[in-house]
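# Tertiary structure, described
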Amino acid sequence: MQIAILSDIHGNLAALEAALEAVEKLRPDKVIFGGDVVDGAPDPAECWERVKATGCPMLRGNHERYVFDFGTERADPLWATAQFAPLHFTVNRVNEAQRAEMAALPLEWTSPDTPGLLVVHASQRSDADTILPHTPTHEIDPMFQTSAELIVRSHNHISSTRDWRGRRIVTTGAVGLPLDGYPRAQFCVVTLRPDGWQVQHHAVSYDVGATIRRFRETNYAEQTGPVGRMFMREVATGAHHVVPFLRYLWHRKQQEPTLTLEKAERDYFA
């Protein structure tokens, strides 16, 4: 039994198509999409429909939650600010039916055909939990209530494999926004063999320039401002920009509450 897990597409259609082409050549028994199909790059609705058309199981990521909760009482007030302009772009590109489909997605995947395997976006506890190679074991403990020997997750955009209390936690890497300095569409394949689960990480080249052109064709940067430009840099470089910039912004605002995003962006690069 061989299963391909693709996650964190984030509206990057060219990367998604390249990953799907690579998966088709591998001919796995099943394909699972681990969440965050939308939000970050210019083609969220197109990516959503492309993934949906495969008929494969899909999980809900935190960015799907941002989209379907936006404008409701569950929304964080911060989401209405310019800091979340990329989310505003995404919400304006998808329709109400698509938002309802996102809200109906499950948080985890298991199957009697694949005993010992659990697939989640971030953890069983939350769609936004972080697990890194150095995350202490006691911090991971409350994230899972499972006996699965192999847990496949995504969310952190950097592929890794680590042990946790005699089990393995695999992070898939990201199809559309890899953050390890390697701008290729990344995904994971797990294979159930007589001696247990085998894990392989894959990274395939795609036309990064085509996605950058989509940023320009959709006027993404003009509509989303500094944070949107950070997303574009992440696509171009395969490296962290959004979170470091937002951390820088938060620290600067402690001393300068009226600091604008545009000034913070200039200072950040200076």
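Reference entry: report on the structure contained in this document. (Residues numbered from 1 in each chain as written. Predicted model: local features only at pLDDT ≥ 70, side-chain atom pairs only at ≥ 80, totals over all residues. Heavy atoms only, no water.)

Attention now moves to the overall build of the protein. From N to C terminus, the protein includes 10 helices and 9 strands. The C-alpha radius of gyration of the protein comes to 18 Å, within 12% of the 18 Å expected for a compact globule of 270 residues. Oriented by its inertia axes, the alpha-carbon framework of the protein measures out at about 60 × 40 × 35 Å. Across the 270 residues of the protein, 52% fall into the buried class. Counting contacts in the protein only where the partners sit at least 6 residues apart, residues at least 24 apart contribute 63% of the total. In the structure as shown, the protein presents an accessible area of about 12100 Å², 51% of it carried by carbon and sulfur atoms. (Helix = DSSP H or I, 4+ residues; strand = E, 2+ residues; numbered from the N terminus. Rg over C-alpha atoms; globule rule 2.2 N^0.38 Å. Buried < 20%, exposed > 50% of the residue type's maximum accessible area, 1.4 Å probe, protein only. Contact = heavy atoms within 4.5 Å. Areas by Shrake-Rupley, 256 points an atom, 1.4 Å probe, with all protein chains shown as cover.)

In this description, an aromatic ring pair is defined by two values, namely the gap between the centres and the angle between the planes. A full pass over the atoms with the stated rule returns 7 aromatic pairs. Ring plane angle 65° and centroid distance 4.7 Å describe the contact between Phe89 and Tyr220, whose orientation is recorded as edge-to-face. Residue Phe89 is located in helix H4 (residues 85-93), and its partner Tyr220 is located in helix H8 (residues 220-237); the two are separated by 131 residues in the primary sequence. Classification of Phe89 by relative accessible area gives buried; the value is 4%. Each residue in the set Phe245, Tyr248, Tyr268 and Phe269 is aromatic and connected to the rest through ring pairs, giving one cluster. (Phe/Tyr/Trp six-rings, centres within 6.5 Å; stacked < 30°, edge-to-face > 60°.)

Among the structural elements, Trp164 can be located in strand E6 (residues 160-164). A relative accessible area of 3% means that Trp164 is categorised as buried. The sequence separation of Trp164 and Asp141 amounts to 23 residues, and the corresponding C-alpha distance is 8.6 Å. If we ignore the near neighbours within four places in the chain, the residues touching Trp164 are Thr137, Ile140, Asp141, Phe144, Ile151 and Ile169. Side-chain polar atoms of Trp164 contact the side chain of Asp141, separated by 2.9 Å. (Polar contact = N/O pair within 3.5 Å; in protein donor to acceptor, adjacent residues only side chain to side chain.)

With that out of the way, let us pick up the side chain of Asp36. Counting through the fold element by element, Asp36 comes out in the loop between strand E2 (30-33) and helix H2 (44-53). In terms of polar contacts, Asp36 uses its side chain to reach the side chain of His121, at 3.3 Å. With residues up to four places along the chain from it excluded, the contact list for Asp36 reads Asp8, Ile9, His10, Gly61, Asn62, His63, Glu64 and His121.

Moving on: the packing of H2 against H4. For the pair H2 and H4, interaxial distance at closest approach is 8 Å and the crossing angle is 55°. Taken together, the axis directions place H2 and H4 in an arrangement best described as oblique. Contacts from Pro44, Ala45 and Glu46 of H2 reach H4 at Phe89, Thr90 and Arg93. Residue classes in the contact of H2 with H4 are distributed as 3 nonpolar, 1 polar and 2 charged. (Axes fitted to C-alpha atoms, helices over the stretch in contact; angles between N-to-C directions. Parallel < 35°, antiparallel > 145°, perpendicular 65-115°, else oblique. Nonpolar A, V, L, I, M, F, W, Y, C, P; charged D, E, K, R; others polar.)

For the rest of this paragraph, the subject is the pairing of strand E5 (residues 150-153). Side chains Leu150 and Val152 project from E5 onto one buried face, and the interleaved Ile151 and Arg153 project onto a second face that is buried too. Bridge count for strand E4 (residues 117-120) against E5 is 3 bridges, and the pairing is parallel. Paired with Leu117 across the bridge in E5 is Leu150. Taken together, the 4 bridges between E5 and strand E7 (residues 167-171) define a ladder with parallel strand orientation. Bridging across to E7, Arg153 finds its partner in Thr171. (Pairing = 2+ DSSP bridges.)

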